[in-house]
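# Structure at a glance
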Amino acid sequence: CDCTCYDCQGDLPDPACACGMPEGLCANLPASYEIDSVRIYQRADDPSQKVGCSTDTRPTRKFIEGHKHRYFDAYGGETQPLKPQEIGGAACTRDDHCGPASKCAKKRCACAHGWTGPHCRAAAAFDDGTWETTPSLGFALPFVPGSLQRCVVLLAS
């Protein structure tokens, strides 16, 4: 089809924007998925490969902060790109509905130490590499245009 827009979300979706979507896709949206883990493999002997979400060569944190509107679902009432990490709280009726060593307490998953996510199925981790640095604000003399400098010299003489 000759779509110029590709969107089938919102309270009043435009049917013209859904023409490039597979049949039935828009009826299944919005959809949400739970990601248990993401594994990234990097070569230990390659210094160009750096672990972290925002490295010195790819400072994505600053880009996301400057373009927040691209990274959240305004239709769904979201107001920020990243939501706080959920630690337990998913509905359950038995311990095996929750992750390793975690318990179902009062019909909600309670995560064991070292586990996170609503169902406690993701290993708790952190990014121990801090790549971004805060620029120092050094002192610099004010800029004075050359034409103004010449005027001051003429007036002073």
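Only a predicted model underlies this, so the values are computations on that prediction, with no experimental measurement involved.

About the criteria used
Residues numbered from 1 in each chain as written. Predicted model: local features only at pLDDT ≥ 70, side-chain atom pairs only at ≥ 80, totals over all residues. Heavy atoms only, no water. Helix = DSSP H or I, 4+ residues; strand = E, 2+ residues; numbered from the N terminus. Contact = heavy atoms within 4.5 Å. Areas by Shrake-Rupley, 256 points an atom, 1.4 Å probe, with all protein chains shown as cover. Disulfide = S-S within 2.5 Å. Buried < 20%, exposed > 50% of the residue type's maximum accessible area, 1.4 Å probe, protein only. Core = buried A, V, L, I, M, F, W, Y, C linked by side-chain atoms within 4.5 Å. Polar contact = N/O pair within 3.5 Å; in protein donor to acceptor, adjacent residues only side chain to side chain. Salt bridge = Lys/Arg side-chain N within 4 Å of Asp/Glu carboxyl O.

## What to know about the overall build of the protein chain
Within the protein chain one finds 2 helices and 4 strands. Along its sequence from the N terminus, the protein chain presents helices and strands in the succession α-β-β-β-β-α. Taking the intrachain contacts of the protein chain between residues at least 6 apart in sequence as the baseline, contacts between residues at least 24 apart amount to 27%. Accessible surface computed for the protein chain: about 13300 Å², of which carbon and sulfur atoms make up 57%.

## Regarding the state of the cysteines
Going through the model one piece at a time under the given rule, you end up with 3 disulfides. One disulfide in the model links Cys111 with Cys120; its S-S distance is 2.1 Å. On the sign convention where negative means left-handed, the S-S torsion of about -90 degrees between Cys111 and Cys120 marks this disulfide as left-handed. Taking relative accessible area as the criterion, Cys111 reaches 22% and is therefore assigned partly exposed.

## Here we look at the nonpolar core
Listed in full, the 6 residues of the largest apolar core are Ala90, Cys92, Cys98, Cys104, Cys109 and Cys120. Filtering out sequence-adjacent residues up to four positions away, Cys104 remains in contact with Cys92, Thr93, Arg94, Asp95 and Cys98.

## A look at the environment of Ser102
Secondary-structure assignment places Ser102 in the loop between helix H1 (60–66) and strand E1 (103–105). Separated by 17 residues in sequence, Ser102 and His119 have C-alpha atoms that sit 8.6 Å apart. The contact partners of Ser102, leaving out residues within four places of it in the chain, are Asp95, Ala110, Cys111, Ala112, Trp115 and Cys120. A polar contact of 3.0 Å, which involves the side chain of Ser102, links it to the backbone nitrogen of Ala112.

## Overview of the pattern of salt bridges
With the rule as written, the count across this model stands at 2 salt bridges. Between Asp96 and Arg94 there is a salt bridge, with the nearest N and O atoms lying 2.9 Å from each other. Overall, Asp96 belongs to the exposed group, its relative accessible area being 54%. Classification of Arg94 as partly exposed rests on a relative accessible area of 46%. Notably, a salt bridge pairs Asp95 with Lys103, separated by 4.0 Å at the nearest N-O pair. Accessibility expressed as a relative area gives 49% for Lys103, which makes it partly exposed.

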